[in-house]
Amino acid sequence: MRFVVPLLCLSLLATVLGFQLLGWQGSLYASVVFLSGFFILQWKFINGGGRILIGAALVAIVAALVWKEDTQIVLKALARATMFASFLVSMVFLRVAAKNSALINKVSHLLINQKPSVRYGMLSYGSVVMGVILSFGTINLVGQMINQGNTLEAAGGNQRVQDIRRKRMSLALHRGFSTIPMASPFSITIALILASIPGLNWTKLVPLSFTLAMILLGVGWMLDFATHRNLPSRPSFPLETGLSWRPAFEFMLLVVILFCMAAVLSRFLSGQLPLAIMICAPIFALVWLYMTQRQAGSFLNTLKNDLSEGLGRLHSEVAVIAAASLVGVILSSFLKQEQLAAFVSYTGLTGMLLAFAAMCAIPLFAILGIGPLITVTFIATTLSSTPVFEISSYVLALSLLGGWALALNIAPITLSAVMVGAVTGCTPKNLTFDWNTVYCVLGVIVSFSFVLFLASVGVIR
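Residues numbered from 1 in each chain as written. Predicted model: local features only at pLDDT ≥ 70, side-chain atom pairs only at ≥ 80, totals over all residues. Heavy atoms only, no water.

### Quick word on the overall build of the protein
Per the secondary structure count, the protein includes 21 helices and 0 strands. The C-alpha radius of gyration of the protein comes to 22 Å, within 12% of the 23 Å expected for a compact globule of 461 residues. Oriented by its inertia axes, the alpha-carbon framework of the protein measures out at about 70 × 60 × 40 Å. Across the 461 residues in the protein, those meeting the buried criterion constitute 56%. Considering only intrachain contacts with a sequence separation of at least 6, the fraction spanning at least 24 residues in the protein is 79%. With 28 positive and 13 negative side-chain charges, the protein shows a spacing of 5 Å between the two charge centroids. (Helix = DSSP H or I, 4+ residues; strand = E, 2+ residues; numbered from the N terminus. Rg over C-alpha atoms; globule rule 2.2 N^0.38 Å. Buried < 20%, exposed > 50% of the residue type's maximum accessible area, 1.4 Å probe, protein only. Contact = heavy atoms within 4.5 Å. Lys, Arg positive; Asp, Glu negative; His and termini not counted. Charge placed at Lys NZ, Arg CZ, Asp CG, Glu CD.)

### Quick word on helix 18 (residues 372-383)
In an α-helix there are 3.6 residues to a turn, and that puts residues three or four apart on one side. Over its 12 residues, helix 18 extends 16 Å from the first C-alpha to the last, a length consistent with the 16 Å expected when each residue adds 1.5 Å. For helix 18, the buried fraction is high: 10 of the 12 residues fall into the buried class. When we look at burial in helix 18, the residues that qualify are Pro 372, Leu 373, Thr 375, Val 376, Thr 377, Ile 379, Ala 380, Thr 381, Thr 382 and Leu 383. (Expected span 1.5 Å × (residues − 1).)

### Remarks on the packing of helix 18 against helix 19 (residues 393-410)
Where helix 18 meets helix 19, the axes come as close as 10 Å, and the angle between the chain directions of the two elements is 165°. Classified by the angle between their axes, helix 18 and helix 19 sit roughly antiparallel to one another. For the element pair helix 18 and helix 19, the recorded crossing hand is right-handed. Touching Pro 372, Leu 373, Val 376, Ile 379, Ala 380 and Leu 383 of helix 18 are Leu 396, Leu 400, Trp 404, Ala 407 and Leu 408, all from helix 19. Within the contact of helix 18 with helix 19, the residues separate by chemical class into 11 nonpolar, no polar and no charged. (Axes fitted to C-alpha atoms, helices over the stretch in contact; angles between N-to-C directions. Parallel < 35°, antiparallel > 145°, perpendicular 65-115°, else oblique. Left-handed = near helix turned anticlockwise from the far one by under 90°. Nonpolar A, V, L, I, M, F, W, Y, C, P; charged D, E, K, R; others polar.)

### Concerning the environment of Leu 200
Tracing the sequence through the fold places Leu 200 in the loop between helix 10 (188-196) and helix 11 (202-228). Given the relative accessible area of 16%, Leu 200 is considered buried. For the pair formed by Leu 200 and Ala 397, sequence separation is 197 residues and the distance between their alpha carbons is 8.4 Å. Residue contacts for Leu 200: discarding those within four places in its chain leaves Ile 193, Leu 194, Leu 205, Ser 393, Tyr 394 and Ala 397.

### Considerations on the side chain of His 174
The topology assignment puts His 174 in helix 8 (residues 159-178). Taking relative accessible area as the criterion, His 174 reaches 0% and is therefore assigned buried. For His 174, the residues in contact, after removing those within four places along its chain, are Leu 408, Asn 409, Ser 416, Ala 417, Val 420, Leu 431, Thr 432 and Asn 436.

### Overview of the packing of helix 4 (residues 71-99) against helix 6 (residues 116-134)
Running from N to C, helix 4 and helix 6 cross one another at 115°; their axes reach a closest spacing of 8 Å. For the element pair helix 4 / helix 6, the angle class is roughly perpendicular. Counted together, Met 91, Leu 94, Arg 95 and Ala 98 of helix 4 and Val 132, Ile 133 and Leu 134 of helix 6 form the full contact between these two elements. Grouping the amino acids of the contact of helix 4 with helix 6 by side-chain chemistry returns 6 nonpolar, no polar and 1 charged.

### Considerations on the pattern of salt bridges
In total, this model carries 8 salt bridges according to the counting rule given. The closest approach of N and O atoms between Asp 224 and Arg 168, which form a salt bridge, is 2.8 Å. Of this pair, Asp 224 sits in helix 11 while Arg 168 sits in helix 8, and the two are 56 residues apart along the sequence. Residue Asp 434 pairs with Lys 429 through a salt bridge whose shortest N-O separation is 2.9 Å. Bridged by salt links that share partners, the residues Lys 99, Asp 306, Glu 309 and Arg 313 form one connected network. (Salt bridge = Lys/Arg side-chain N within 4 Å of Asp/Glu carboxyl O.)

### Let's talk about a nonpolar patch on the surface
There is a patch of nonpolar side chains on the surface, built from Val 62, Leu 65, Val 66, Trp 67 and Phe 334 and spanning about 530 Å² of accessible area. Residue placement: Trp 67 occurs in helix 3 (residues 48-68). Classification of Trp 67 by relative accessible area gives exposed; the value is 70%. (Patch = residues over 30% accessible without salt bridge, like charges linked within 9 Å, V, L, I, M, F, W, Y side chains within 5 Å. Areas by Shrake-Rupley, 256 points an atom, 1.4 Å probe, with all protein chains shown as cover.)

### Notes on the packing of aromatic side chains
The geometry of an aromatic ring pair is captured by the separation of the ring centres together with the interplanar angle, meaning the angle of the planes. Throughout the structure, instances matching the rule amount to 7 aromatic pairs. Joined through ring pairs, the aromatic side chains of Phe 186, Trp 202 and Phe 259 make up one cluster. The ring centre of Tyr 394 lies 4.7 Å from the NZ or CZ of Lys 204, which sits over that ring. (Phe/Tyr/Trp six-rings, centres within 6.5 Å; stacked < 30°, edge-to-face > 60°. Lys NZ or Arg CZ within 6 Å of the ring centre and 35° of its normal.)

### Brief notes about unusual backbone geometry
Most peptide bonds take the trans form, and the phi angle of most residues other than glycine is negative. Within the chain, Ser 270 stands out as a residue other than glycine whose phi angle is a positive 60°. Relative to the helices and strands, Ser 270 resides in the loop between helix 12 (246-266) and helix 13 (273-293). Positive phi outside glycine occurs at Glu 390, with the angle close to 55°. Inspection of the secondary structure puts Glu 390 in the loop between helix 18 and helix 19.

### Quick look at the side chain of Thr 432
Within the secondary structure, Thr 432 sits in helix 21 (residues 428-456). When residues no more than four places from it in sequence are discounted, the contact partners of Thr 432 are His 174, Asn 409, Ile 410, Ala 411, Pro 412, Ala 417 and Thr 437.

### Here's the deal with helix 8
Taking 1.5 Å of rise per residue, the 20 residues of helix 8 would be expected to cover 28 Å, and the 28 Å separating its terminal C-alpha atoms lies within 8% of that figure. When you tally the buried positions in helix 8, you get 16 out of 20 residues, the bulk of the element.

### Concerning the state of the cysteines
In this structure the tally under the stated criterion is 0 disulfides. Cys 260 forms no disulfide, and the closest cysteine sulfur to it belongs to Cys 280, at a distance of 11 Å. Residue Cys 280 is classed as buried on the basis of its relative accessible area of 5%. (Disulfide = S-S within 2.5 Å.)

### Quick notes on the environment of Val 438
Within the secondary structure, Val 438 sits in helix 21. Sequence spacing of Val 438 and Leu 223 is 215 residues, and the spatial spacing of their C-alpha atoms is 8.9 Å.

Here's what the structure looks like:
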């Protein structure tokens, strides 16, 4: 039984690739069976939110079949759900390889071992780079190092100084990790946006979203400096001298190589970057793992044990993402064109004003408990389905990406806020409402100003 769930996940990945690459309808049906089997076996481990979304997905499917009598929209929704679930499966391979690489510990140690004036920036930007591969593992790894180094002794016995340093480093980690959805081409967010909004080209969207992410992190760094510029600059850690930057460059090189592999392959897949990543990530990870384990002769054992463990922990993540994407697709299909036109006529929301409203709505709904995955799926599918809204694909995409990142920053119920708080000793409320409200307000202003600027100079239309 131990390997049944991993086998279901790998079978899901294989059948989804069969459907996406070859168009085999039978592969789609098989992938739905494997995903359903995964949910059944993992049901007791899925969190409450995931269970509610699975229930909502089942209701949505029945509603589409009974009231709309539309099997095609159901198949489209199921294809989207299985695609995103298998995308998560493919990324587990990278986490397994990274977990067994000494390079990761060296990089995280380098991020922490910096002067106070640069540590915030190193942590925020570094957590993005590490998060591309490690995902939530970044929080555990870097967060534990923050805890180990930020002792009362290192703060000179001053509790206030220790608390301030914990706040600064926790915010750096939280803000950095929260921008991964828009900074990483390997994120499920980029895959969702590309799948939901017609007319997007990843070669244009990814550089723009990455640039916006770097700008937001820069805003956070400047805000940190402005807030704490009068504090003493005594290091909170006994800094080591002579640390090499080579591990950081080697890790970034790995990320670049993986991205280049996916980028080249996507040219043969009609520009489908997420599909290319699903193919390249496992292959790249297996080679990486073999290179780190070949001397110990433990490649197969490590792969078997760690991959099984990693796939077995996907339960809630897969449930939320697969079910939410399915609900979003079906729900948007119930909106009729005349209803959308009436909405536009009544509210006057079109173009840039509508994009701004969409960006603000995502964090607001996240505060109320509706995650950005559901909100973004619904908004993206709805607003891109008709020209009545007079909003371009890239304006909509960048607005939604910015809103998603800010939602993770301000909503205390998000998994990232909960995890960062648990590891570093802060509460989710500290990380969001108490400490991050000003940053999020500035983030909305800066993000939309960036979108307006790109539109004004003709980069996006």
